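Remarks on the overall topology
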Amino acid sequence: MKKTFKLSVLVAVVMLNSCMSSTVLNVIKPADIHVPSEITTFAVVQRNEARKGDKLAKRIEGVLSGEGIGMDKRSANYALRGLILQLSKSPRFMVKEAHTAEQLYGTGTRNMAEPLDWPLVQEICEINKSDALIVVEAFDSDVRRNVNYRDVTKTVSGGQVTERVYNSKLTVSVEVGWRIYYPESQIIVDNYNHEKTNSRSASGSTELISNGNLPRKEAVVKLTARQLGEEYGRRISPSRVSLRRFYYGSGNYAFKKGKEKVVDKNYEAAIDIWLNQFETTLKQQIKGKSAYNLAVAYEVKSDFENAIYWVEQAIQNQNRKAKKYHILLRKRIEEELRLEEQMKVE
């Protein structure tokens, strides 16, 4: 009963939004954490691999967990690549893969080793002309494959035939640990572990065929590692994102004409049309929709003061979507203030 109710609500929301038009805002989202403004260039390096004498336990784990021997070693670099890719699009930071005089070793597991010594961090940053050092401190993957089957009855040539269909599921979990070292102040800016899971499914007439239709497990591990690298890049750096905003673009002439102006990116003209309608109509529902549209148009123009004013007018005129949009606008304003602080460079 609860599932049916949730599905009905979801369908209603989708149908309501489908009756509205939308526009896309390209904005810069602030990072999740604060990075000192003196830092503008990162060097990045791996340290997740264990020393030779400590690798036996990792090889045993590779066999038992199904991940395969050496797969973590080959896949960890994809987390680094994902981070470099994300930071290369950053409006604030420059990033480079670090060159080191010697290889850095960690635990070879999901547990981080003790932090690097500061003289070593300072040396690496000086060699690579960077302000701070980002290190992949830990990397671990877990691979599981499950197979089940079902019998499917089909009607063939007037008779019924039962066939067995096998379903295979590959589930990959990857965990990465990161640290950011800032040698000038000798502080660890961030110490962070996160995990991501991806699943893939396939089917076939036999268990062997079903399993064979799955993607290679190492390919999925590498994909997941790269996604975690990109995710970490968004954690530490402002990043460009697209936001979709819905507005009323159908119904009477003013809504349709305003939509034409929005499609042409002529938001001033759209504002004039909707403002005139708000001031002249006697219908509260039309006032509420016009005020809502005005709020969206002003947000697109980054005029948050007017956007808040008009979404509050929409609430006063009983527009049902305005309260939720008001919350989104307040969040946007908070993020813009954080972004302004993060983009200050010493």
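Provided above is the structure to which this section pertains.
We now turn to the structure provided with this report. All values derive from a computational prediction rather than experimental measurement.

Thoughts on the packing of helix α3 (residues 71–88) against helix α6 (residues 217–236)
Contact pair α3 / α6: the axes reach a minimum separation of 7 Å and the direction vectors enclose 35°. α3 and α6 meet at a crossing whose hand is right-handed. Contact residues: Met-71, Arg-74, Ser-75, Tyr-78, Ala-79, Gly-82, Leu-83, Leu-85, Gln-86 and Leu-87 in α3; Lys-217, Glu-218, Val-221, Lys-222, Ala-225, Arg-226, Gly-229, Glu-230, Tyr-232, Gly-233, Arg-234 and Ile-236 in α6. For the contact of α3 with α6, a count of residues per class yields ten nonpolar, five polar and seven charged.

Looking at the pattern of salt bridges
Evaluated as defined, the whole model comprises 19 salt bridges. Residues Asp-142 and Arg-144 are paired through a salt bridge, measuring 2.7 Å at the closest nitrogen-oxygen approach. Looking at Asp-142, the relative accessible area reads 23%, which means it is partly exposed. Relative accessible area serves as the criterion here: at 38%, Arg-144 is assigned to the partly exposed category.

So, the side chain of Lys-287
Checked against the element boundaries, Lys-287 lands in helix α9 (residues 284–300). Beyond its immediate sequence surroundings of up to four residues, Lys-287 is in contact with Phe-278, Thr-281 and Asn-317.

Side note on the pairing of strand β4 (residues 132–156)
As paired elements, strand β2 (residues 41–46) and β4 share five bridges and run parallel to each other. If you follow Phe-42 over to β4, its bridge partner there is Ala-132. Examined bridge by bridge, β4 and strand β5 (residues 159–182) share 23 bridges and lie antiparallel to one another. In the strand pairing of β5, Tyr-149 is matched with Tyr-166. In this antiparallel pair of consecutive strands, β4 and β5, the connection spans two residues, and Ser-157 shows a positive phi of 55°.

Criteria and cut-off values
Residues numbered from 1 in each chain as written. Predicted model: local features only at pLDDT ≥ 70, side-chain atom pairs only at ≥ 80, totals over all residues. Heavy atoms only, no water. Axes fitted to C-alpha atoms, helices over the stretch in contact; angles between N-to-C directions. Helix = DSSP H or I, 4+ residues; strand = E, 2+ residues; numbered from the N terminus. Left-handed = near helix turned anticlockwise from the far one by under 90°. Contact = heavy atoms within 4.5 Å. Nonpolar A, V, L, I, M, F, W, Y, C, P; charged D, E, K, R; others polar. Salt bridge = Lys/Arg side-chain N within 4 Å of Asp/Glu carboxyl O. Buried < 20%, exposed > 50% of the residue type's maximum accessible area, 1.4 Å probe, protein only. Pairing = 2+ DSSP bridges.

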